[in-house]
Amino acid sequence: MLSSTALLMVIYALLLWKASIALGDASIIDRFWGLGFVLLCGAGLSLSASPTPHQWLVSGLVALWGLRLSTHITWRNWGTGEDYRYRAMREKHGASFPWKSLFTVFLLQGFLTWFIALPLQLVFAAKDEVPISGLSFLGLALFAVGFLFEGVGDWQLARFKANPANKGKVMDRGLWHYTRHPNYFGDAVLWWGLFIVALPAPNVLFTVLSPAVMTLFLMKVSGVPLLEKRMAETRPDYAEYVAKTPAFIPWWPRG
């Protein structure tokens, strides 16, 4: 199964890459990030002779998360053109950017989707029916907490930005009062929740690096660091916000 889903992700990445060239917009990959996981779970269901309740639970949770995220990013970025991160890459690489983006953006994200989804894929690869256990309910609770942080954080930020009076200001209300990145924190928590939901399936414990990699990317690579740098350059008051508000794990502000 894993070889079949790996091939599926390569095809998915290639199709998105071709679309990005036609549109002149590599940031479409962001809109389809969540849908890639939904696609993998859909493939898992289709490859199962008779999907079990455990498999349906995992598929439902991933569909809920992936569809919400892709819908939100599409709505948020509609009509804004290519994201600044990809514009910077395009300017840096010039005419070679389309080919470089195939490997450094599209195939890389395709591989990350496949790797991060390994615990879920093992749920679908299980030959015997795996019962939904108490451990699954613990994971479900973690998923719910993470999903609320991510969804509510995105909603609060969207409302804040929609008010012209807030232009140029730093969002420090609601969940953003307790963490500078409630959506990234929520994303990490819900993926650990999905990992725990999947744990009753054979060999899932050995895929602990999958949620760890997701958390690492959110905290140290493509999530917090890039946005923090951008905010420091564009928001004069951001340094004060950084000084008093936790970066990732929510807590009471300092001072």
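Residues numbered from 1 in each chain as written. Predicted model: local features only at pLDDT ≥ 70, side-chain atom pairs only at ≥ 80, totals over all residues. Heavy atoms only, no water.

A.B. asks: Go over the packing of aromatic side chains with me, naming the residues and quoting the values.
C.D. replies: Tallied over the full model, the rule gives 13 aromatic pairs. With a centroid separation of 5.0 Å and an interplanar angle of 75°, the aromatic rings of Phe149 and Phe185 are classed as edge-to-face. Taken together, the positions of Phe149 in helix 8 (residues 134-162) and Phe185 in helix 9 (residues 182-198) put the pair 36 residues apart, joining distant regions of the chain. Across this residue pair, the class does not change: Phe149 and Phe185 are buried. Through a chain of ring-to-ring contacts, three or more aromatic side chains come together here, namely Trp33, Phe37, Trp65 and Trp191. Above the face of the Tyr84 ring, Arg230 is positioned so that its terminal group lies 4.1 Å from the ring centre. (Phe/Tyr/Trp six-rings, centres within 6.5 Å; stacked < 30°, edge-to-face > 60°. Helix = DSSP H or I, 4+ residues; strand = E, 2+ residues; numbered from the N terminus. Buried < 20%, exposed > 50% of the residue type's maximum accessible area, 1.4 Å probe, protein only. Lys NZ or Arg CZ within 6 Å of the ring centre and 35° of its normal.)

A.B. asks: Break down the environment of Asp237 for me, citing the residues and quoting the values.
C.D. replies: Of note, Asp237 is situated in the loop between helix 11 (224-234) and helix 12 (238-244). On the accessibility criterion, Asp237 (48% relative accessible area) is partly exposed. A sequence separation of 166 residues divides Asp237 from Thr71, and the C-alpha atoms of the two residues are 30 Å apart.

A.B. asks: Before we move on, can you summarise the pattern of salt bridges with the specific residues and values?
C.D. replies: Tallied over the entire structure, the rule returns seven salt bridges. Measuring nitrogen to oxygen at the nearest pair gives 2.6 Å for the salt bridge that ties Asp30 to Arg85. Placement of Asp30 in helix 2 (residues 28-31) and of Arg85 in helix 5 (residues 84-93) is noted, with a sequence separation of 55 residues between them. The class of Arg85 is partly exposed, set by a relative accessible area of 25%. The residue Asp83 makes a salt bridge to Arg85 at a minimum N-O spacing of 2.7 Å. On the accessibility criterion, Asp83 (18% relative accessible area) is buried. It is possible to trace a salt-bridge network through shared partners that takes in Asp30, Asp83 and Arg85. (Salt bridge = Lys/Arg side-chain N within 4 Å of Asp/Glu carboxyl O.)

A.B. asks: Talk me through a nonpolar patch on the surface; I want residue IDs and the actual numbers.
C.D. replies: Together, Leu7, Val10, Ile11, Leu14 and Leu15 give the surface a local cluster of nonpolar side chains, amounting to about 430 Å² of exposed area. Relative to the helices and strands, Leu14 is located in helix 1 (residues 2-23). (Patch = residues over 30% accessible without salt bridge, like charges linked within 9 Å, V, L, I, M, F, W, Y side chains within 5 Å. Areas by Shrake-Rupley, 256 points an atom, 1.4 Å probe, with all protein chains shown as cover.)

A.B. asks: Provide a residue-level description of empty space enclosed by the protein, including the pertinent values.
C.D. replies: Summary: where empty space remains is shown by rolling a probe the size of a single water molecule over the atoms. On inspection of all chains with the given rule, the structure shows two cavities of 30 Å³ or more. Within this model, the largest cavity holds a volume of roughly 40 Å³. Lining the largest cavity are Tyr12, Ala13, Leu16, Ile29, Phe32, Trp33, Phe106, Gln109, Gly110 and Thr113. Elements with a contribution of two residues or more to the lining of the largest cavity: helix 1 and helix 6 (97-116). Looking at the lining of the largest cavity element by element, the count peaks at four residues for helix 6. In terms of residue class, the lining of the largest cavity is made up of seven nonpolar, three polar and no charged. Space inside the second largest cavity adds up to approximately 30 Å³. Every residue lining the second largest cavity is listed: Thr52, His54, Gln55, Val123, Ala126, Asp128, Glu129 and Val130. Taken together, the residues of the lining of the second largest cavity break down into three nonpolar, three polar and two charged. (1 Å grid on protein atoms, 1.4 Å probe; cavity = no way out; pocket = protein on both sides within 12 Å on 5 of 7 lines; lining within 4 Å. Points joined across faces, edges and corners; volume = space filled by probe spheres on them. Nonpolar A, V, L, I, M, F, W, Y, C, P; charged D, E, K, R; others polar.)

A.B. asks: Give a detailed account of the side chain of Asn166, specifying residues and quantitative values.
C.D. replies: Looking at the secondary structure, you find Asn166 in the loop between helix 8 and helix 9. Using a relative accessible area of 8% as the deciding quantity, one classes Asn166 as buried. With residues up to four places along the chain from it excluded, the contact list for Asn166 reads Phe160 and Arg173. (Contact = heavy atoms within 4.5 Å.)

A.B. asks: Explain the packing of helix 10 (residues 209-221) against helix 11 residue by residue, including any values.
C.D. replies: In the contact formed by helix 10 and helix 11, the axes pass within 4 Å of each other and the chain directions differ by 20°. Taken together, the axes of helix 10 and helix 11 lie roughly parallel to each other. Listed contacts from helix 11 to Leu218, Met219, Lys220 and Val221 of helix 10 are Val224, Pro225 and Leu226. Of the residues in the contact of helix 10 with helix 11, the class split is six nonpolar, no polar and one charged. (Axes fitted to C-alpha atoms, helices over the stretch in contact; angles between N-to-C directions. Parallel < 35°, antiparallel > 145°, perpendicular 65-115°, else oblique.)

A.B. asks: Can you lay out unusual backbone geometry for me, pointing to particular residues and giving the numbers?
C.D. replies: Where the residue is not glycine, phi is negative for most of them; where a peptide bond is considered, it is trans in most cases. Positive phi outside glycine occurs at Asn203, with the angle close to 70°. Here Asn203 is to be found in the loop between helix 9 and helix 10.

Read these as layout, nothing more, since geometry by itself doesn't imply function.
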